[in-house]
Amino acid sequence: MTYAITQTCCNDATCVAVCPVNCIHPTPEERAFGSTEMLHIDPRACIDCGACADACPVDAIFPVDALTGGQRAYAEINAAYYAGDDRPAAGDEVEGPNFHVWGEPVFERSLPSDFGPLRVAVVGTGPAGMYAAQDLLLHTAAEVTLIDRLPVAGGLVRYGVAPDHPATKKVGDTFSRFHSHPRVRMHLGIEVGRDVTAEELSAHHDAVVYAVGASADKRLGVPGEESPGCLSATAFVAWYTAHPEAVAQGVDLTAERVVVVGNGNVALDVARILVADPEALAATDIAAHALEALRTSRVREVVVLGRRGPGDAAYTRSELLALKHLPGVELVVDDHDPRTGAAIDAAGPGDRAGDLRGLARVRTDAEPLAGTGRRIVLRFHSEAVEVLSGDGTGGTDSTDSTDSAGGGGDGVETDGRVRSVRVTDGGGGDGTADLRAGLLLRAIGYRGLPVPGLPFDEARGTVPHEGGRIAGMPGSYVVGWIKRGPSGGIGANRTCAAETVGTLLADAVAGALPAPKGDAKAFRRLARQRNRRVVDARGLAAIERAERERGQATGRPRVKLATVEELVATARSRRLLRLAR
């Protein structure tokens, strides 16, 4: 029996480090590591020790014999990665007692014996920031100040991972171990530029690492995009993950059809949530307000638009496979453009387009799907060129204001809401088609925002840096999407953080870090003077307990607190209760 890596692989390579026979690839030392969708176990070399499964932070590794349903495909996916590979398999004759030739040990960092503890602030508690904090805490004597503009930690893990991917969220358990670390001080609810300045942060720490992500979305730039009912996928994800800055009742699901522009993983996430069985979602930590809205939703069809062909889709194979096995939902391909079917038919075994072979091919009609079924339509070679609304704005053929936002024609005024989306149609020509829809979600990428006090590259949406060191700002560093742009999943931040921390430590050894003027106590006083609602590690623990208690009362893993006021009040009330005792 061998093991296989499945859908929730986060690519952080923890499994690679513990494998005794080097059967998991690509490794961080291999060129393909930076671009691979997931890691793979070589079935010829796996010795069934289970070390990788024990170490995996997201429960992505299972014995092949234990795979069920759609997960069985991952046994073939892992094996196919090694087709034609010339690595020796377990049992092959090789020199020495090991199954592979070990390389010479490499020590990328060398710290002097008298290297003293640093005081480092990490701004952002998502994966990038926590990988950086973890690296510092495990490999140095650093004291770490964790700062986040929200009154709760987690970042992308809490507010970006779809609720029906609970295994992926388990990486947060790895990070949460460090929230109460004796060398960690936590200041949640503090925003750089609002409560403290970048200069003040640097004045109280030897170094500052900014892990603020890329929270803005890209625009389509088409007429009618500002109509009510045109939302970013960022806003929609924030809504169903209970982000405290999202409007709890801000999404209208009375439309029978939704158009999603983009074909990356986020596009598939929002499409899947829109048509998934609400009762299945009730077993997750989806926002309570989103769950109630989905229970009364009229959405039955989601059309996912991809500008390029199926061979160039940006989603990962694992996310597509998840759609193929979504209960009660049909996944189909729109064949309005002959290039789509041709690419699927001609695709080889390892080609991305080949993953669509066997799916039904349909033509998307102007009207939504008839009947009671639910489906997701993948429409390639198609772009949204105009959004038509019910009051005549955004398009030339939108004068009928009696159509409802759901496309039912029930005489309800639309108040300028989306009525249909004009898309390119057919053979690479200039033809267009109007798809009746009441909601459009744009999922075409993220973009970083400027941080007050830091330089900013407007073209790339990142902070200029050299190996993580912010240009012109000694002692200040970046990690994650604000460093490299919005690319790579959770695990990619581990390698990214290693580079940044390595640069920081090299600067410290070289004596290039400016000496701080204030100490940790002075910064704590400053933070609380500027913001009386700061949440510390005990407050965060109180929030965690309260959410789990709310979930236990309703048979769910947790029920998230959805507003800043709720989060802060819970953190403070539990603290006051503790003091009273």
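Residues numbered from 1 in each chain as written. Predicted model: local features only at pLDDT ≥ 70, side-chain atom pairs only at ≥ 80, totals over all residues. Heavy atoms only, no water.

K.L.:
Pulling in residues and values, what's your account of the nonpolar core?
P.N.:
Core analysis: the biggest nonpolar cluster contains 69 residues, and Ile5, Ile24, Leu39 and Ile41 have the highest contact counts within it. Aside from chain neighbours lying at most four places away, what touches Leu39 is Ile5, Cys9, Asn11, Ala13, Cys15, Val16, Ile24, His25, Pro26, Phe33 and Asn78. Formed by 47 residues, the second largest nonpolar core is a distinct cluster that contains Ala276, Ile286, Ala313 and Leu356. (Core = buried A, V, L, I, M, F, W, Y, C linked by side-chain atoms within 4.5 Å. Buried < 20%, exposed > 50% of the residue type's maximum accessible area, 1.4 Å probe, protein only. Contact = heavy atoms within 4.5 Å.)

K.L.:
Pulling in residues and values, what's your account of the sheet that holds strand β12 (residues 301–305)?
P.N.:
Read from one edge to the other, the open sheet built from seven strands follows the order β10-β19-β11-β12-β15-β13-β14, with strand pairing classed as parallel. For this open sheet the edge positions go to β10 (230–232) and β14 (360–362), each flanked by a neighbour on one side alone. Neighbour to neighbour, the strand axes of the sheet diverge by 25° on average, direction disregarded. Where strand β11 (residues 257–261) and strand β19 (residues 439–442) come together, four bridges link them in parallel fashion. Bridge assignment links Val259 to a residue of β19, and that residue is Leu440. Along the sheet face, helix α9 (residues 233–240) touches β10 and β19 and points at about 75° away from the line of β10. In the packing of helix α10 (residues 265–275) onto the sheet, contacts are made with β11, β12, β13 (329–334), β15 (374–379) and β19, and the angle to β15 comes to roughly 160°. (Pairing = 2+ DSSP bridges. Helix = DSSP H or I, 4+ residues; strand = E, 2+ residues; numbered from the N terminus. Axes fitted to C-alpha atoms, helices over the stretch in contact; angles between N-to-C directions.)

K.L.:
Break down the pattern of salt bridges for me, with residues and values.
P.N.:
Two side chains carrying opposite charge are able to pair once their charged atoms lie near each other. Tallied over the entire structure, the rule returns 40 salt bridges. Close ionic contact of Arg317 with Asp355 constitutes a salt bridge, the shortest N to O distance being 3.0 Å. Placement of Arg317 in helix α13 (residues 317–324) and of Asp355 in the loop between α14 (338–346) and β14 is noted, with a sequence separation of 38 residues between them. On the accessibility criterion, Arg317 (26% relative accessible area) is partly exposed. In this structure, the salt-bridge partner of Glu466 is Arg469, at a minimum N-O distance of 3.9 Å. When its relative accessible area of 26% is taken as the criterion, Arg469 is described as partly exposed. When salt bridges with common partners are traced through the structure, they connect Arg158, Glu544, Glu547, Arg548 and Arg558 into a single cluster. (Salt bridge = Lys/Arg side-chain N within 4 Å of Asp/Glu carboxyl O.)

K.L.:
Give me the environment of Pro474: which residues, what numbers.
P.N.:
Counting through the fold element by element, Pro474 comes out in the loop between β22 (469–470) and β23 (476–478). With relative accessibility at 54%, the residue Pro474 sits in the exposed group. With 272 residues separating them in the primary sequence, Pro474 and Ser202 have C-alpha atoms 9.4 Å apart. Not counting residues up to four positions away in its chain, the partners in contact with Pro474 are Ala512 and Pro514.

K.L.:
Could you give an account of the sheet that holds strand β18 (residues 432–436), with specific residues and numbers?
P.N.:
Ordered in space as β16-β17-β18, the three strands form an open sheet in which the pairing is antiparallel. What marks the edges here is a single partner per strand, and that holds for β16 (384–389) and β18. Strand-to-strand twist of the sheet, defined as the mean angle between neighbouring strand axes without regard to direction, takes the value 25°. In terms of strand pairing, β16 meets strand β17 (residues 418–424) through five bridges, oriented antiparallel. Opposite Glu386, over in β17, you have Arg422 as the bridge partner.

K.L.:
Give me the lowdown on the state of the cysteines, citing residues and values where you can.
P.N.:
Per the counting criterion, the structure on display carries zero disulfides. Cys23 takes part in no disulfide bond, and the closest cysteine sulfur, belonging to Cys19, lies 3.6 Å away. Its sulfur unpaired, Cys56 is 6.0 Å from the next cysteine sulfur, which belongs to Cys10. (Disulfide = S-S within 2.5 Å.)

K.L.:
Give me the lowdown on the environment of Pro516, citing residues and values where you can.
P.N.:
Residue position: Pro516 is located in the loop between α16 (492–509) and α17 (520–530). It is 6.8 Å that separates the C-alpha atoms of Pro516 and Ser202, two residues lying 314 residues apart in sequence. Not counting the four nearest positions on each side in its chain, Pro516 is found in contact with Arg119, Ser202, Ala203, His204, His205 and Asp206.

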